[in-house]
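Examination of the molecular architecture
Here is what each chain is made of, one letter per residue.
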Amino acid sequence: MLIRGGARMIDMREIRASDPPWTLPPESHSSSEPRPDDELLLLLEDEAVYAYVLRDLFIMVWRGVVSDTTLEAMHKLMELEARRQRDGIAIVSVIERGATPPNSAQRSNISNFQARMGKRFRCLALVIDGIGFWASMAIGVATSIITYRRKLFPQTVCRTVEGAVDFIVRKSPGMDPHALLQAIADSRADASTRSIRLESRRDGRTAA
């Protein structure tokens, strides 16, 4: 599956020095930009999180500590995609080892955002990657966070990507489970590659 960062991609390294509120580049506001249905687009690149979209599926891969500015960027991109799609979007949020839960202020921000956009979000599946103490702790935190948000739109915490895809397909009839699995796998692989390259640049090495 092709992955590319188009004109609408946001590289957080370009705006990290600025303070919120900030606006997306003008081309990011286009709702009529044509794109192939089978194209997986990278929308946001940050050392802590990467965001992708495939048609009406919005994928987030969390890998570190997220700043308020990055969270704001994510919300703006999610809103653009949700309004772009006639029936809104389904969301997969993959929490990988090393990611940290949002702080109290960020949780409040997320709650307010979901309350405002809930009618455009068909469902949200949180995937906790890994096993052991970290995974158990992350699942507990994630479950407590979404407990009071389920009334806004369907949300769940999953231990596997397959479980997340099953939930999304049940809540969004017509979506292709095989295409969803492939899109999530490709997003995670791309995020991992970009993260390694970033670390290599920091260490003064050149990644293949």
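See above for the structure.
What counts and how
Residues numbered from 1 in each chain as written. Predicted model: local features only at pLDDT ≥ 70, side-chain atom pairs only at ≥ 80, totals over all residues. Heavy atoms only, no water. Axes fitted to C-alpha atoms, helices over the stretch in contact; angles between N-to-C directions. Helix = DSSP H or I, 4+ residues; strand = E, 2+ residues; numbered from the N terminus. Parallel < 35°, antiparallel > 145°, perpendicular 65-115°, else oblique. Contact = heavy atoms within 4.5 Å. Nonpolar A, V, L, I, M, F, W, Y, C, P; charged D, E, K, R; others polar. Core = buried A, V, L, I, M, F, W, Y, C linked by side-chain atoms within 4.5 Å. Buried < 20%, exposed > 50% of the residue type's maximum accessible area, 1.4 Å probe, protein only. Phe/Tyr/Trp six-rings, centres within 6.5 Å; stacked < 30°, edge-to-face > 60°. Pairing = 2+ DSSP bridges. Salt bridge = Lys/Arg side-chain N within 4 Å of Asp/Glu carboxyl O. Expected span 1.5 Å × (residues − 1). Polar contact = N/O pair within 3.5 Å; in protein donor to acceptor, adjacent residues only side chain to side chain. Right-handed = clockwise from strand over helix to strand, strands pointing away.

Here we take up the packing of helix H1 (residues 68-84) against helix H2 (residues 104-117). With their axes 11 Å apart at the nearest point, H1 and H2 run at an angle of 10° to one another. When the axis of H1 is compared with that of H2, the two are roughly parallel. Residues Asp68, Leu71, His75, Met78, Glu79, Ala82 and Arg83 of H1 pack against Gln106, Asn109, Ile110, Phe113, Arg116 and Met117 of H2. Along the lines of polarity and charge, the residues of the contact of H1 with H2 split into 6 nonpolar, 3 polar and 4 charged.

Phe58, Met60, Trp62, Met74, Met78, Ile91 and Phe121 are the most contacted members of the largest nonpolar core, which totals 30 residues. Listed by contribution, the elements that provide at least two residues to this core are strand S3 (40-45), strand S4 (49-54), strand S5 (57-62), H1, strand S6 (89-95), H2 and strand S7 (121-128). At 6 residues, the largest contribution of residues to this core is made by H1. Not counting residues within four places of it along the chain, the set of residues in contact with Trp62 comprises Ala48, Val49, Leu71, Met74, Ser93, Val94, Ile95, Glu96 and Ala99. Grouped together as the second largest cluster of nonpolar side chains are 25 residues, Leu54, Cys123, Cys158 and Phe167 included.

Scanning the entire structure with this criterion turns up 2 aromatic pairs. Plain terms: the ring middles of Phe113 and Phe121 are 5.7 Å apart, the flat faces sit at 55° to each other, and that makes the pair tilted. On the basis of relative accessible area, Phe113 is assigned to the buried category, the value being 5%. Here the aromatic rings of Phe121 and Phe153 are separated by 5.5 Å at their centres, their planes lie at 75°, and the arrangement is edge-to-face. Linking Phe121 in strand S7 with Phe153 in the loop between helix H3 (133-147) and strand S8 (155-158), this pair joins segments that are 32 residues apart in sequence. Note on accessibility: Phe121 and Phe153 belong to one class, buried. Pairwise contacts between aromatic rings join Phe113, Phe121 and Phe153 into one cluster.

Of the two faces of S8, the one lined by Gln155 and Val157 and the one lined by Thr156 and Cys158 are each fully buried. Bridge count for S7 against S8 is 4 bridges, and the pairing is parallel. Across the sheet, residue Leu124 finds its bridge partner in S8, namely Gln155.

On inspection of all chains with the given rule, the structure shows 10 salt bridges. The salt bridge partner of Arg188 is Glu96, with a shortest N-O separation of 2.9 Å. Taken together, the residues span a long stretch of sequence, with Arg188 in helix H5 (residues 177-203) and Glu96 in the loop between S6 and H2 at a distance of 92 residues. We note that Arg188, like Glu96, is buried. In this structure, Arg170 engages Asp166 in a salt bridge whose closest nitrogen and oxygen atoms are separated by 3.1 Å. Of the two residues, Arg170 and Asp166 are both situated in helix H4 (residues 161-171); the distance of 4 residues between them amounts to about one turn of the helix. The class for Arg170 is exposed, based on a relative accessible area of 52%.

On to H5, then. Along its 27 residues, H5 runs 39 Å from first to last C-alpha, staying within 8% of the 39 Å computed at 1.5 Å per residue. Sitting at the head of H5, Asp176 places a side-chain oxygen 3.0 Å from the backbone nitrogen of His178. Following H5 by one or two positions, Gly204 adopts a phi angle in the positive range, close to 80°.

This next bit is on the environment of Glu47. Among the structural elements, Glu47 can be located in the loop between S3 and S4. Residues Glu47 and Leu198 lie 151 residues apart in sequence; the distance between their C-alpha atoms is 7.6 Å.

Within S5, 6 of the 6 residues are buried, leaving the element largely enclosed by the surrounding structure. The alternating pattern of S5 places Leu57, Ile59 and Val61 and Phe58, Met60 and Trp62 on opposite faces, both of which are buried. In terms of strand pairing, S4 meets S5 through 6 bridges, oriented antiparallel. Looking at the pairing, Tyr52 lines up with Ile59 of S5. Hairpin connection between S4 and S5: a loop of 2 residues separates the two successive antiparallel strands, and Arg55 in this loop has a positive phi of roughly 55°. Note that S5 and S6 share 6 bridges and pair parallel. Counted as the bridge partner of Met60 is Ser93 from S6. Running through H1, the crossover from S5 to the neighbouring parallel element S6 is right-handed.

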